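Residue-level listing of the chains:
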Amino acid sequence: PILLGCGSAQPGGCPALCECSEPAKTVKCVNRNLTAVPPDLPPYVRSLFITGNPLTDLPAGAFPAQRLTDLASLNLSGNHLRTVEAGSLALPALRQLDLSGNALVSFSPQAFGEGGSPLEELALRGALRDHGVLLSLAALLQSGALRNLSRLELADNGLLLLPAGMFTALPALRQLDLSNNSLVGLRNVSFQGLGRLQSLNLSDNSLGVLWNSTLAQFRSLPALRHIVLGHNSWVCDCAIEDLVAWLKESDQVEGKEALTCASPDKMLGKALLKINGSDLNCSVPTDLPSQLQTSYVFLGIVLALIGAIFLLVLYLNRKGIKKWMHNIRDACRDHMEGYHYRYEINADPRLTNLSSNSDV
């Protein structure tokens, strides 16, 4: 195809500073110092590249849906985008969107309009460094507006934890890339409902262990055949037993032979597939919360039994206890009367002299 650059746009022509190919239905505005989306994009465009520009904001209507009815692939990577406003991406034919390499600080959950979007591929590599943007994206995904999404790329974002239930409304998702983040765990992440998920990339994170609840979800996904776990900080203590057992029986993990321990020092570099029970020396239960809960229940039962026995003893000896209480009462009364008598003697001078001169 011949790329044409026009200084002014005609109906169906090419915007200034852009290169267009009508046969290929493509428009490229690459490294052109654009600060806004060209308002005169040709209606024939299907693939639009606006990359490497100081573009900071996508306002509502940035891509007119009435005119760009065929726009299916939109690449906005490597700009300076910070704000994606509501309605800015409401395109009826949009299937692929790349927002990678932008420093987003605001992403409206209504960016794709009020109704659902036909979007199938969304790339956000290195665009979610702000925690608020991550929460907005989670709200967008959970709303069901992107139920047709089949590929989601969230790599290179420094993510520590993912919002709970973030992927529960993505029934068509086939590929999920979470690589090169700082994920320390997946206990709050639900993969339930991702019946079509085929590929999950968790490499280059800070995972120390995968708990049995997460492994059970992996087992329950019928289409999941490619899981990448390389370059994580596996902690080879008793908590890793379930992960090791799953690795030995599963054919879902790619390159599992290369997975090695990062700690403790005595296990450093040891292959996970070669770990056995004697290496871990699991004399202390690994599930401490459940063990503590069981201990508290047992302690409560013991204390209840002791209390019941004590009450039974009191009941059986009620007569002796009553007599003992009466004796104590009489002794206290006699003692108080003695104090009262001495007080009267000390208070009366006559009795005092009589007491001091008496031999009795």
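Predicted model, so just to flag it, every value in this text is computed and none were measured.

Considering the UniProt feature "transmembrane region" (unreviewed entry) in the protein
Now for step 1: Listed under "transmembrane region" (unreviewed entry) in the UniProt record, and renumbered for this structure, are residues 296-316.
Now for step 2: Across residues 296-316, helical content stands at 100% and strand content at 0%; the span's end C-alpha atoms are separated by 30 Å.

Describing the state of the cysteines
Now for step 1: Tallied over the full model, the rule gives three disulfides.
Now for step 2: In this model Cys14 forms its disulfide with Cys20; the gap between the sulfur atoms is 1.9 Å. Taking the torsion about the sulfur-sulfur bond, which here is approximately 75°, the covalent link between Cys14 and Cys20 counts as right-handed. Just as Cys14 is buried, Cys20 falls in that class too.
Now for step 3: Through a disulfide, Cys18 is tied to Cys29; the S-S separation comes to 2.0 Å. Between Cys18 and Cys29, the S-S dihedral sits near 105°, and the bridge is therefore right-handed.

Quick look at the packing of helix H2 (residues 212-220) against helix H3 (residues 241-249)
Now for step 1: At their nearest, the axes of H2 and H3 sit 10 Å apart, and the two run at 20° to each other. Between H2 and H3, the interaxial angle falls into the category roughly parallel. Crossing geometry of H2 relative to H3 is assigned as left-handed. Contacts between H2 and H3 involve Asn212, Leu215, Phe218 and Arg219 on the former and, on the latter, Asp242, Leu243, Trp246 and Glu249.
Now for step 2: Of the residues belonging to the contact of H2 with H3, the class tally is four nonpolar, one polar and three charged.

Digging into H3
Now for step 1: Taken together, the buried positions of H3 are Leu243, Val244, Trp246 and Leu247. Mapping the buried residues of H3 onto a view down its axis gives an arc of 165°, with all of them on the same face.

Focus: the pairing of strand S2 (residues 26-30)
Regular strands place side chains that alternate from one sheet face to the opposite one.
Now for step 1: Across three bridges, strand S1 (residues 19-21) lies against S2 in antiparallel orientation. Residue pairing for S2: Ser21 is matched across the bridge by Thr26.
Now for step 2: What sits between S1 and S2 in their antiparallel hairpin is a turn of four residues, with Lys25 showing a positive phi close to 55°.
Now for step 3: When S2 meets strand S3 (residues 47-51), the two strands line up parallel, connected through five bridges. Across the sheet, Thr26 pairs through a bridge with Ser47, a residue of S3.

Describing the sheet that holds strand S15 (residues 253-254)
Now for step 1: Pairing is mixed in the open sheet, where eleven strands are placed in the order S1-S2-S3-S5-S7-S9-S10-S11-S12-S13-S15. Of all the strands in the sheet, just S1 and S15 have a single pairing partner and so form its edges.
Now for step 2: The pairing of strand S9 (residues 121-123) with strand S10 (residues 151-153) spans three bridges and is classified as parallel. Paired with Glu121 across the bridge in S10 is Arg151.

Some thoughts on the nonpolar core
Here is a general trend for soluble globular proteins: nonpolar side chains tend to be buried in one another's company.
Now for step 1: Counting residues in each nonpolar core, the largest one holds 88 residues, and the members touching the most others are Leu58, Phe63, Phe112, Leu152, Phe167, Phe218 and Leu272.
Now for step 2: Broken down by secondary-structure element, the contributors of at least two residues to this core are S2, S3, helix H1 (131-142), H2 and H3.
Now for step 3: A total of six residues in this core trace back to one element, the largest contributor, which is H1.

Remarks on the side chain of Ser250
Now for step 1: Within the fold, Ser250 resides in the loop between H3 and S15.
Now for step 2: In this structure the side chain of Ser250 is engaged in a polar contact, spanning 3.0 Å, whose partner is the backbone nitrogen of Gln252.

Remarks on the packing of aromatic side chains
Two aromatic rings, taken as a pair, are described by how far apart their centres are and by the angle between their planes.
Now for step 1: In total, this model carries two aromatic pairs according to the counting rule given.
Now for step 2: Where Phe191 meets Phe218, the ring centres are 5.5 Å apart and the plane angle is 55°; that geometry is what we call tilted. Placement of Phe191 in the loop between strand S11 (175-177) and strand S12 (199-201) and of Phe218 in helix H2 is noted, with a sequence separation of 27 residues between them. You'll find Phe191 and Phe218 in the same group, each marked buried.
Now for step 3: Here the aromatic rings of Phe218 and Trp246 are separated by 5.8 Å at their centres, their planes lie at 40°, and the arrangement is tilted. With a gap of 28 residues between them, Phe218 in helix H2 and Trp246 in helix H3 connect regions that are remote in the sequence.

What to know about H1
Now for step 1: Taking 1.5 Å of rise per residue, twelve residues should cover 16 Å, and H1 covers 17 Å from first to last C-alpha, within 8% of that figure.
Now for step 2: Buried-residue contacts for H1 involve strand S8 (106-107), S9 and S10.
Now for step 3: Its side-chain oxygen at 2.9 Å from the backbone nitrogen of Gly132, Asp130 defines the N-terminal cap of H1.
Now for step 4: Two residues or fewer after H1 comes Gly144, characterised by a positive phi angle close to 85°.

Reading guide: rules and limits
Residues numbered from 1 in each chain as written. Predicted model: local features only at pLDDT ≥ 70, side-chain atom pairs only at ≥ 80, totals over all residues. Heavy atoms only, no water. UniProt positions renumbered as here; feature names shortened; annotations may be inferred. Helix = DSSP H or I, 4+ residues; strand = E, 2+ residues; numbered from the N terminus. Disulfide = S-S within 2.5 Å. Buried < 20%, exposed > 50% of the residue type's maximum accessible area, 1.4 Å probe, protein only. Axes fitted to C-alpha atoms, helices over the stretch in contact; angles between N-to-C directions. Parallel < 35°, antiparallel > 145°, perpendicular 65-115°, else oblique. Left-handed = near helix turned anticlockwise from the far one by under 90°. Contact = heavy atoms within 4.5 Å. Nonpolar A, V, L, I, M, F, W, Y, C, P; charged D, E, K, R; others polar. Arc of directions from axis to C-beta. Pairing = 2+ DSSP bridges. Core = buried A, V, L, I, M, F, W, Y, C linked by side-chain atoms within 4.5 Å. Polar contact = N/O pair within 3.5 Å; in protein donor to acceptor, adjacent residues only side chain to side chain. Phe/Tyr/Trp six-rings, centres within 6.5 Å; stacked < 30°, edge-to-face > 60°. Expected span 1.5 Å × (residues − 1).

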